[in-house]
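The lines below spell out each chain.
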Amino acid sequence: GDSVTQMEGPVTLSEEAFLTINCTYTATGYPSLFWYVQYPGEGLQLLLKATKADDKGSNKGFEATYRKETTSFHLEKGSVQVSDSAVYFCALSRDDYKLSFGAGTTVTVRA
Amino acid sequence: DTAVSQTPKYLVTQMGNDKSIKCEQNLGHDTMYWYKQDSKKFLKIMFSYNNKELIINETVPNRFSPKSPDKAHLNLHINSLELGDSAVYFCASSHGPSLAGGQETQYFGPGTRLLVL
């Protein structure tokens, strides 16, 4: 079945540091890939997505590139802020009406 | 102009009780979902409905019964609540799979925090 593996947290960084969260997936066919973010006490929000190989999703300074050869969708941000503290979820979906999530990575950014 | 709303936001109840969580979306989507997030933040699909029809039921106990009276609503009723049902339940909605293939973006509600004592 489909599965998503993302790096375990928690991750603690200083402001303006570089952030990378690794995500790899297992799926048949050509899934769509997503990063969702959950701020404390809130629901999930879509951060970015990519629907085919070599697509790059980007939003709010975050980027991730769909790499089919390595089945990866790593999330990066060049300079994090305290407001980026959240739980980040990598997810995939084929056209089967569900998202399969990774375990989530908690990121804390210190001032 | 809330897109996906859930009620209640918090729910504290005793074991054995029956409770319902309501979800409404005003995005014009035809597909709705319920997810469960456990204490370790792990998220798992429970159900999905497309045009009021059940599409996915991910081995959820029969005590959980979703009901979709129309495309904008998907309610979750839970019978005989157990301690292990304590979790955050998220409703989501999206358009169905696109004709070009692939999944449309899902929009999530704020969650219902259920605590069973």
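Above this text sits the structure in question.
A brief structural summary. The shown structure was predicted, so the numbers you read here are calculated from the model rather than taken from an experiment. (Residues numbered from 1 in each chain as written. Chains lettered and ligands numbered in written order. Predicted model: local features only at pLDDT ≥ 70, side-chain atom pairs only at ≥ 80, totals over all residues. Heavy atoms only, no water.)

Bringing the packing of aromatic side chains into the picture now. Using the criterion set out here, one finds twelve aromatic pairs over all chains in the structure. A connected cluster of aromatic rings, assembled from ring pairs, spans Phe 34, Tyr 36, Phe 89 and Phe 101 of chain A together with Tyr 33, Tyr 35, Phe 90 and Phe 108 of chain B. (Phe/Tyr/Trp six-rings, centres within 6.5 Å; stacked < 30°, edge-to-face > 60°.)

Let us look at the state of the cysteines. Enumeration over the complete set of coordinates arrives at two disulfides over all chains. Paired by a disulfide, Cys 23 of chain A and Cys 90 of chain A hold their sulfur atoms 1.9 Å apart. Where Cys 23 of chain A bonds to Cys 90 of chain A through sulfur, the torsion about that S-S bond is close to -70°, and the disulfide is left-handed. Of this pair, Cys 23 of chain A sits in strand β4 (residues 23-26) while Cys 90 of chain A sits in strand β10 (residues 86-93), and the two are 67 residues apart along the sequence. When sorted by exposure, Cys 23 of chain A lands in the same class as Cys 90 of chain A, which is buried. In this model, Cys 23 of chain B is linked to Cys 91 of chain B through a disulfide, with the two sulfur atoms separated by 1.8 Å. Around the S-S axis, the bridge from Cys 23 of chain B to Cys 91 of chain B shows a dihedral of about -75° and counts as left-handed. Residue Cys 23 of chain B is located in strand β3 (residues 19-25), and its partner Cys 91 of chain B is located in strand β9 (residues 87-94); the two are separated by 68 residues in the primary sequence. Since its relative accessible area comes to 1%, Cys 23 of chain B is described here as buried. (Disulfide = S-S within 2.5 Å. Helix = DSSP H or I, 4+ residues; strand = E, 2+ residues; numbered from the N terminus. Buried < 20%, exposed > 50% of the residue type's maximum accessible area, 1.4 Å probe, protein only.)

Moving on: a nonpolar patch on the surface. Residues Val 12, Leu 115 and Leu 117 of chain B make up a contiguous nonpolar surface patch of about 270 Å² in total accessible area. Inspection of the secondary structure puts Leu 115 of chain B in strand β11 (residues 112-116). (Patch = residues over 30% accessible without salt bridge, like charges linked within 9 Å, V, L, I, M, F, W, Y side chains within 5 Å. Areas by Shrake-Rupley, 256 points an atom, 1.4 Å probe, with all protein chains shown as cover. Salt bridge = Lys/Arg side-chain N within 4 Å of Asp/Glu carboxyl O.)

Attention now goes to the interface of chain B and chain A. Tallying the contact residues gives 26 residues for chain B and 22 residues for chain A. Here chain B and chain A share one salt bridge between them. Among the salt bridges present, the one from Lys 98 of chain A reaches Glu 58 of chain B, with a minimum N-O distance of 3.4 Å. Taken together, chain B and chain A are joined by six residue pairs in polar contact (both at pLDDT 80 or more). Secondary-structure elements contributing two or more residues to the side of chain B that touches chain A are β4 (31-37), β5 (43-50) and β6 (53-57) of chain B. (Contact = heavy atoms within 4.5 Å. Polar contact = N/O pair within 3.5 Å; in protein donor to acceptor, adjacent residues only side chain to side chain.)

Right, let's get into the nonpolar core. Counting residues in hydrophobic clusters, the biggest one holds 26 residues, and the most contacted among them are Trp 35, Phe 73, Leu 75 and Tyr 88 of chain A. Where this core is concerned, the elements lending two or more residues are β2 (11-14), β3 (19-21), β4, β5 (32-38), β6 (44-50), β8 (62-65), β10 and β12 (105-110) of chain A. Here the element with the most residues in this core is β10 of chain A; it accounts for four residues. Once residues lying within four places of it in the same chain are set aside, the contact partners of Tyr 88 of chain A are Gln 6, Ile 21, Trp 35, Tyr 36, Val 37, Leu 47, Phe 62, Leu 75, Gly 104, Thr 105 and Val 107 of chain A. Grouped together as the second largest cluster of nonpolar side chains are 20 residues, Leu 11, Tyr 49, Val 60 and Leu 74 of chain B included. (Core = buried A, V, L, I, M, F, W, Y, C linked by side-chain atoms within 4.5 Å.)

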